[in-house]
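Read off the chains here:
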Amino acid sequence: MTQTEFLFRNDAYLTTAAATISSVGEDGGIFLDRSNFYATSGGQPGDSGFLERENGDKIAIVTCVHPDGDKGRCMLVPEAADHGLSAGEQVTAHIDWDNRYKLMRMHTALHLLSVVIPLPVTGGSIGVAKSRLDFQMPEPPEDKDALADQLNALIERNLDVQEEWISEEELEANPDLVKTMSVKPPSGQGKIRMIRIVDGDETIDWQPCGGTHVANTQEIGMMRLGKVEKKGKQNRRVAIHFADE
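The structure displayed is predicted, hence computed values, not measured ones.

> Could you clarify how one ought to interpret the overall build of the protein chain in this entry?
The secondary structure content of the protein chain amounts to four helices and 15 strands. Against the compact-globule benchmark of 18 Å for 245 residues, the protein chain has a radius of gyration of 19 Å, which places it among compact chains. Across its three principal axes, the protein chain shows a C-alpha extent of roughly 60 × 40 × 40 Å. The buried share among the 245 residues of the protein chain stands at 45%. By sequence separation, contacts in the protein chain at least 24 residues apart represent 65% of the contacts at least 6 residues apart. Carbon and sulfur atoms make up 46% of the accessible area of the protein chain, which totals about 11,900 Å². Computed over 25 positive and 39 negative side-chain charges, the inter-centroid distance for the protein chain is 7 Å.

> Explanation requested: the packing of helix 2 (residues 97-116) against helix 3 (residues 144-155) in the structure shown.
What describes two packed helices is the angle between their axes and the distance between those same axes. Contact geometry of helix 2 with helix 3 gives a least axis separation of 9 Å together with a crossing angle of 125°. One way to sum up the angle between helix 2 and helix 3 is to call them oblique. Remark: the crossing between helix 2 and helix 3 carries right-handed chirality. Of the residues in helix 3, those touching helix 2 at Ala109, Leu112, Leu113, Val115 and Val116 are Leu147, Gln150, Leu151, Leu154 and Ile155. Of the residues in the contact of helix 2 with helix 3, the class split is nine nonpolar, one polar and no charged.

> When you look at the pairing of strand 5 (residues 49-53) in this model, what are you seeing that I'm missing?
Along strand 5, the buried face is formed by Gly49, Leu51 and Arg53; none of Phe50 and Glu52, which line the opposite face, is buried. In the sheet, strand 5 pairs with strand 6 (residues 58-65) via four bridges, with the strands oriented antiparallel. Each residue of the ladder has a partner; that of glutamate 52, found in strand 6, is lysine 58. The antiparallel pairing of strand 5 with strand 6 creates a hairpin that spans four residues between the two strands, and glycine 56 there sits at a positive phi of about 95°. Looking at chain direction, strand 5 and strand 8 (residues 90-95) are connected through five bridges and run antiparallel. Paired with phenylalanine 50 across the strands is histidine 94, a residue of strand 8.

> What am I meant to see in the nonpolar core here?
The tendency in soluble globular proteins is for nonpolar side chains to be buried side by side. In this structure, Leu112, Leu113, Ile117, Phe135, Leu151, Met223 and Ile240 are the most contacted members of the largest nonpolar core, which totals 33 residues. Of all the secondary structure elements, the ones that give two or more residues to this core are helix 2, strand 10 (131-136), helix 3, strand 12 (191-199), strand 14 (223-230) and strand 15 (235-242). Broken down by element, this core gets its largest block of residues, eight residues, from helix 2. Residues contacting isoleucine 240, with those up to four places away along its chain left out, are Met106, Ala109, Leu110, Leu113, Ala129, Lys130, Ser131, Leu151, Met223, Arg224, Leu225 and Gly226. In this structure, Phe6, Ile61, Val91 and Ala93 belong to the second largest nonpolar core, which totals 19 residues.

About the cut-offs
Residues numbered from 1 in each chain as written. Predicted model: local features only at pLDDT ≥ 70, side-chain atom pairs only at ≥ 80, totals over all residues. Heavy atoms only, no water. Helix = DSSP H or I, 4+ residues; strand = E, 2+ residues; numbered from the N terminus. Rg over C-alpha atoms; globule rule 2.2 N^0.38 Å. Buried < 20%, exposed > 50% of the residue type's maximum accessible area, 1.4 Å probe, protein only. Contact = heavy atoms within 4.5 Å. Areas by Shrake-Rupley, 256 points an atom, 1.4 Å probe, with all protein chains shown as cover. Lys, Arg positive; Asp, Glu negative; His and termini not counted. Charge placed at Lys NZ, Arg CZ, Asp CG, Glu CD. Axes fitted to C-alpha atoms, helices over the stretch in contact; angles between N-to-C directions. Parallel < 35°, antiparallel > 145°, perpendicular 65-115°, else oblique. Left-handed = near helix turned anticlockwise from the far one by under 90°. Nonpolar A, V, L, I, M, F, W, Y, C, P; charged D, E, K, R; others polar. Pairing = 2+ DSSP bridges. Core = buried A, V, L, I, M, F, W, Y, C linked by side-chain atoms within 4.5 Å.

Take a look at the structure:
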């Protein structure tokens, strides 16, 4: 099986990309040789958008997934299976940028939330209107407004967000880098993608992540905390929203 070149890892702002169809599944799923579409994983939904054929026809894409859990490939799920595309055809891939950009802002905001609440993360989900992290938090926070103020203070520091790679051995030697108890970084390829949030030489956060992020926290905008819900004996769910929506 041909692996997909993940263009979004090098450039999360790549809204369009030329690609060649590698294959088409029996169910109509479309495999590209290179993709700016992010595939559902790590709590972040897959991208939607469309493929544009050379004759101008457009094929609507509802999401993108890793088929059968294969993290090295991504499959575009078309709105209609009878799209007529075939292997070898040249297309231009367009993501729904408004949707993606909100997910990028939310994803980076969740990394900052894990700084404000320095507790083990037991789950998470990213959405365009609401996102959340589940924490190992037996007792509710004393002052939810103070947490929101701390989160927004970090955002307003205009922190840079950087991508780095380390070896699997380095991660194994530093297990505390993994904040999420429920989702482990993909391994088996020899290297792990890391997201570092910095203020000059000061590291604010550094953790494994395969998702898409903004380049600077000023792009996130102000956030507000939503409900803090009890989820079992030891866990609480903390939701965040864009303050202006």
